[in-house]
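Each chain is listed here by its residues.
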Amino acid sequence: MKNKLSTLASNQRVLAKKIVPVMLVILFGATNYFGISSLLSTFDWVTHTHDVIASATEIEKLTIDLETGQRGFLITGKESFLAPYNNALKELDNKIDGLQEKVNDNPQQVTRLGDVRKLIEQWSVEAGTREIN
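Residues numbered from 1 in each chain as written. Predicted model: local features only at pLDDT ≥ 70, side-chain atom pairs only at ≥ 80, totals over all residues. Heavy atoms only, no water.

## Examining the overall build of the chain
Here's step 1: Counting its regular elements, the chain contains 3 helices and 0 strands.
Here's step 2: Along the chain direction, N to C, the helices and strands of the chain fall in the order α-α-α.
Here's step 3: On C-alpha atoms alone, the chain measures out to a radius of gyration of 32 Å, which is more than a quarter above the 14 Å that the 2.2 N^0.38 rule sets for 133 residues.
Here's step 4: When its C-alpha atoms are laid out on the principal axes, the chain stretches across 110 × 25 × 15 Å.
Here's step 5: Across the 133 residues that make up the chain, the buried fraction comes to 19%.
Here's step 6: For the chain, restricting intrachain contacts to residue pairs at least 6 apart in sequence, the fraction spanning at least 24 positions comes to 60%.
Here's step 7: Total accessible area on the chain stands at roughly 10,000 Å², and carbon and sulfur atoms take up 62% of it. (Helix = DSSP H or I, 4+ residues; strand = E, 2+ residues; numbered from the N terminus. Rg over C-alpha atoms; globule rule 2.2 N^0.38 Å. Buried < 20%, exposed > 50% of the residue type's maximum accessible area, 1.4 Å probe, protein only. Contact = heavy atoms within 4.5 Å. Areas by Shrake-Rupley, 256 points an atom, 1.4 Å probe, with all protein chains shown as cover.)

Set out below in structure tokens:
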């Protein structure tokens, strides 16, 4: 009987020595899987944020082109200075639409971009076109 118990205890120790490393590998594997998954999700958000910032910077540049073209024309009276103004007017709506699509998961940002569009249109009518004419 004592021999059987000794053999059983020995078998349990051997089994435990084999199971513990396997369980640790499974635990580390699961931890790594969830860590990498979280890292990839964060990377996607960072990429999205960089795209949004780049698009917003393009819109900012176009609004500066509006003012620069208008100012250049007003100072010199030369039509060639209106090229940035006219190009910016053509591109702004598409750029704002594109950015609104990128941030469509954030209604507050979509609303803000609508406000930006209205302000640009208001400036164009009340200052840009009026002063150029």
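On we go.
## A closer look at the pattern of salt bridges
Here's step 1: Applying the stated criterion across every chain yields a total of 5 salt bridges.
Here's step 2: The shortest N-O distance in the salt bridge between R71 and E67 comes to 3.0 Å. Taken together, the residues R71 and E67, both in helix α1 (residues 2-76) and 4 residues apart, mark about one turn of the helix.
Here's step 3: For E67, a relative accessible area of 33% gives the class partly exposed. (Salt bridge = Lys/Arg side-chain N within 4 Å of Asp/Glu carboxyl O.)

## A closer look at helix α2 (residues 83-102)
Turn by turn, an α-helix covers 3.6 residues, leaving residues three or four places apart pointing in a common direction.
Here's step 1: Taking 1.5 Å as the rise per residue, α2 with 20 residues should run 28 Å; its terminal C-alpha atoms sit 28 Å apart, in good agreement.
Here's step 2: Along α2, the sharpest change in direction is near 35 degrees and occurs at E91.
Here's step 3: Within α2, the full set of buried residues consists of Y85, A88, L92, I96, L99 and Q100. (Expected span 1.5 Å × (residues − 1). Bend = angle between axes of the 7 residues up to and from the residue.)

## A few points about the side chain of S55
Here's step 1: Mapped onto the secondary structure, S55 falls in helix α1.
Here's step 2: According to the relative accessible area criterion, S55 is buried, its value standing at 9%.
Here's step 3: Setting aside chain neighbours within four positions, we find S55 in contact with L99 and K102.

## Regarding the nonpolar core
Here's step 1: Membership of the largest hydrophobic core comes to 15 residues, with the highest contact counts inside it found for L66, L92, I96 and L99.
Here's step 2: Elements supplying a minimum of two residues to this core: α1, α2 and α3 (107-132).
Here's step 3: If we ignore the near neighbours within four places in the chain, the residues touching L99 are V52, S55, A56, I59 and L113. (Core = buried A, V, L, I, M, F, W, Y, C linked by side-chain atoms within 4.5 Å.)

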